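# Structural features, examined
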Amino acid sequence: MKILFEDYHYEPRDIPKDILKARGITSTKLQNGDVKLGCVGYYHDVASAETIFILPKVFIEKMLAFGKYDPRDLISLSEEYRQIFPQNPTFLFDISVQLYQAIALYNERNPKNTITTKQTLARVTGRRGEMESTLLDHILALLRFAKEHQSLFIRITTIMHGGRNRIHWIKTIRSTSPVFRDKKPYYLECKTKEKVVNYEEELICLFYSTLDYLGATYHFPVTRNLNYETERPDRIVDLIQSGKGTRRLRKIRGQYFSDELVQLWNLLYAFYKRAEDMAQKKEQNEYLLVSDFENVFEDMIDRLIGDSFLPRKQDDGKIIDHIYRDKSLIEDGDIYFIADSKYYKEEKEGKKERKKEDEKEGDRVKRVALYKQFTYAKNVIQNNINPYTGKEPPYQALRYRDELTEGYSLTPNFFVLAYCPKDLSYSEVGLKQESIKESWHFKNRLFDRDTLLVLTYNINFLYVLSSYVQSRGSSRGTDYDLRATFRKDVIEAFKERYNFYEVKLSQGDSSKEFVKRNFRELIGKIYQTEVGKLLLALKKGETENEGILKDLQDKEGCNCSAISLEQLAGSHS
């Protein structure tokens, strides 16, 4: 097994020549002669009988794999590899398999794409062989069977070996002569039960021998507590290369009455048939590769937080990465949350390399991406106020603008960026807020459509990948706890920058007359909720705020009481 990394600079000799010829593979030859691969996925080279996994560049940090290891040390793995990840010796195989499954799942979730043709989105290409099953698919099926049927093997072992070593005294007395000592007979050659050919045991021994071979080839430990005599991995290699594996299985075919053992026989036969055909060059190279893994990662995040039924393409041709409907920040209705996702670290514009001292908070997002994200939010706002202009929106219009005050609701907007945790943990979401960017046209006008915040988060790539793969066949993949965290943090970001007040008018005054009298002074600062509550938002630290509050209280007779955003949404907070 070989491990390569997307966009890492390799010497040409490090990369099998055939992989560069595979359809859909993107590679670049650099000026110094090095080669970098612009794809992620699985490749099995028939000529060398080598399995190659290309991992995404999110695992490369400061030119080191997982921030610790020289990627060239992982090109050809040996038994010493297990010392690299002593706490998780199966990590590289596990992550490679999950990436393979994620690419396959991406194709299932995008039916317009086909795995055997060049695709318009992620450009996934593959040759998965007969019945669309690769050698890796057969290996994974055997591993799943081992995991799911431990009780079967324990039960069979107990039955088969029960009484196996008991002495058959009648046969012993009849056929052997005892040795007498102190007038007591001692039988030195005891007869036990005769051994017969046990086809169940033969099948299970071959199964565990195959697992041992796969463990040695793909560098993962095979643990079991059953006392079966297994064959050495080199013996299994001989079975595959000589074609004897399938012949051996055909000899014991039909000897099983258990449905589970019949299933095991079929899995073993499919594996050996595929492996033998490849060893004898009857099959072509297998591969499942994606040339733009960014689109696959977007689908991962969309499965985690997005609403897939909402259209993402906008009127100006731009496509929002993620959009979903959730509770509003300032009233009891709903609002659309907008997000963009990236799995790799972006460079500063105009610079190929970044000096460590120049890295600042928020540098992971390019300015262009930031401006686009502000534009996405403005487009969503426009789509939701289209009913006022007589144009039908592409999805259900929500309340984004108050006609009376001409104020706009707050639009949640954020980036999600992937990172690889140092402990290589799959279990924790690892969400970390990195930065907050603000955009405005008029200062101190929160309820203006041009006043927007964009939060930037780092998220554990391994958690996202694992959640995506596990969502296969599940109707629910959305992480509502994650959505709740985003909402809470957006609220907190606005609270840090603005003070909020509920404006209660003097007796007999109407909201319409009040807004009309103070429209010039309060435009963008005031918003009326759907239930008629007047809200005032003032940016902290602005010198004009004291005068605004004083005028409202003294001249208008209003009572401006501070209120939190949590209170504004009532029971929805």
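Residues numbered from 1 in each chain as written. Predicted model: local features only at pLDDT ≥ 70, side-chain atom pairs only at ≥ 80, totals over all residues. Heavy atoms only, no water.

For the chain, the count of helices and strands is 16 helices and 20 strands. Classification of the 573 residues of the chain by burial places 50% in the buried group. Here the analysis covers contacts within the chain between residues at least 6 apart in sequence; of these, 70% occur between residues at least 24 apart. Total accessible area on the chain stands at roughly 29500 Å², and carbon and sulfur atoms take up 46% of it. (Helix = DSSP H or I, 4+ residues; strand = E, 2+ residues; numbered from the N terminus. Buried < 20%, exposed > 50% of the residue type's maximum accessible area, 1.4 Å probe, protein only. Contact = heavy atoms within 4.5 Å. Areas by Shrake-Rupley, 256 points an atom, 1.4 Å probe, with all protein chains shown as cover.)

Moving on: the packing of helix H2 (residues 91–109) against helix H12 (residues 461–470). Close contact between H2 and H12 brings their axes to 9 Å; oriented N to C, the two are set at 55°. On the basis of the axis angle, H2 is oblique to H12. Seen from above, H2 lies across H12 with left-handed handedness. Where H2 abuts H12, its residues Phe91, Ile95, Gln98, Leu99, Gln101, Ala102, Leu105, Tyr106 and Arg109 lie against Phe461, Leu462, Leu465, Ser466, Tyr468 and Val469. (Axes fitted to C-alpha atoms, helices over the stretch in contact; angles between N-to-C directions. Parallel < 35°, antiparallel > 145°, perpendicular 65-115°, else oblique. Left-handed = near helix turned anticlockwise from the far one by under 90°.)

Running from N to C, helix H7 (residues 233–242) and helix H8 (residues 244–251) cross one another at 90°; their axes reach a closest spacing of 5 Å. Comparing the axis directions of H7 and H8 gives the class roughly perpendicular. Within the contact between the two elements, H7 uses Arg235, Leu239 and Ser242 and H8 uses Lys244, Gly245, Arg247 and Arg248. Split by residue class, the contact of H7 with H8 holds one nonpolar, two polar and four charged. (Nonpolar A, V, L, I, M, F, W, Y, C, P; charged D, E, K, R; others polar.)

Of all hydrophobic cores here, the largest spans 146 residues; its most connected members are Phe5, Phe59 and Phe66. What phenylalanine 59 contacts, discounting residues up to four positions off in sequence, is Phe5, Leu64, Ala65, Phe66, Gly67, Ile95, Leu99, Cys420, Phe461 and Leu462. Core analysis: the second largest hydrophobic core is formed by 14 residues, Tyr501, Leu536, Leu549 and Leu552 among them. (Core = buried A, V, L, I, M, F, W, Y, C linked by side-chain atoms within 4.5 Å.)

Strand pairing in a sheet takes place through backbone hydrogen bonds and is either antiparallel or parallel in direction. The five strands lie next to each other as S12-S13-S14-S16-S15, forming an open sheet whose pairing is mixed. At either end of the open sheet lies a strand with only one pairing partner, and these are strand S12 (322–327) and strand S15 (432–439). Ignoring which end each strand starts from, the neighbouring axes of this sheet average 25° apart. Of the strand pairs in this sheet, strand S14 (residues 413–419) and strand S16 (residues 452–460) are connected by six bridges, and their pairing is parallel. Considered in S16, the bridge of tyrosine 419 is made with asparagine 460. Sitting on the sheet, H12 touches S14 and S16, and the angle it makes with S16 is about 80°. In this fold helix H13 (residues 480–497) packs onto S12, strand S13 (334–342), S14, S15 and S16, with an angle of close to 140° to the strand it touches most, S16. (Pairing = 2+ DSSP bridges.)

Moving on, we come to unusual backbone geometry. Despite not being glycine, aspartate 7 shows a phi value in the positive range, around 70°. Within the secondary structure, aspartate 7 sits in the loop between strand S1 (2–5) and helix H1 (17–21). Its identity is not glycine, yet phenylalanine 66 carries a phi of approximately 60°, on the positive side. With respect to the helices, strands and loops of the structure, phenylalanine 66 is situated in the loop between strand S7 (64–65) and H2. For phenylalanine 66, a relative accessible area of 9% gives the class buried.

Further remarks concern the side chain of serine 466. Mapped onto the fold, serine 466 is located in helix H12. Polar contacts involving the side chain of serine 466 include one to the side chain of glutamine 470, which spans 2.9 Å. Setting aside residues up to four positions removed in sequence, serine 466 forms contacts with Gln98 and Tyr426. (Polar contact = N/O pair within 3.5 Å; in protein donor to acceptor, adjacent residues only side chain to side chain.)

In this section: the packing of aromatic side chains. Taken as a whole and assessed by the stated rule, the structure comprises 24 aromatic pairs. Ring centres of tyrosine 8 and tyrosine 10 lie 4.9 Å apart, and the angle between their planes is 65°; this geometry places the pair in the edge-to-face category. The pair tyrosine 8 / tyrosine 10 is uniform in exposure class, with both members buried. Look at phenylalanine 145 and phenylalanine 207: their rings are 6.0 Å apart centre to centre, the planes differ by 85°, and that puts the pair in the edge-to-face class. Of this pair, phenylalanine 145 sits in helix H3 (residues 135–148) while phenylalanine 207 sits in helix H6 (residues 199–218), and the two are 62 residues apart along the sequence. Phenylalanine 207 gets classed as buried once you look at its relative accessible area, which sits at 0%. Taken together, the ring pairs in this structure connect Phe5, Phe59, Phe66, Phe91, Phe293, Phe297, Tyr343, Tyr344, Tyr426 and Phe461 into an aromatic cluster. When the ring centre of tryptophan 440 is taken as origin, the NZ or CZ atom of lysine 539, which lies over that ring, is 5.9 Å away. (Phe/Tyr/Trp six-rings, centres within 6.5 Å; stacked < 30°, edge-to-face > 60°. Lys NZ or Arg CZ within 6 Å of the ring centre and 35° of its normal.)

Below, the discussion takes up the pairing of strand S5 (residues 50–55). S5 sits mainly inside the fold: five of its six residues count as buried. Summarising the sheet, strand S4 (residues 40–45) and S5 pair through five bridges and their orientation is antiparallel. Looking at the pairing, aspartate 45 lines up with glutamate 50 of S5.

Nothing here speaks to function; it is all geometry.
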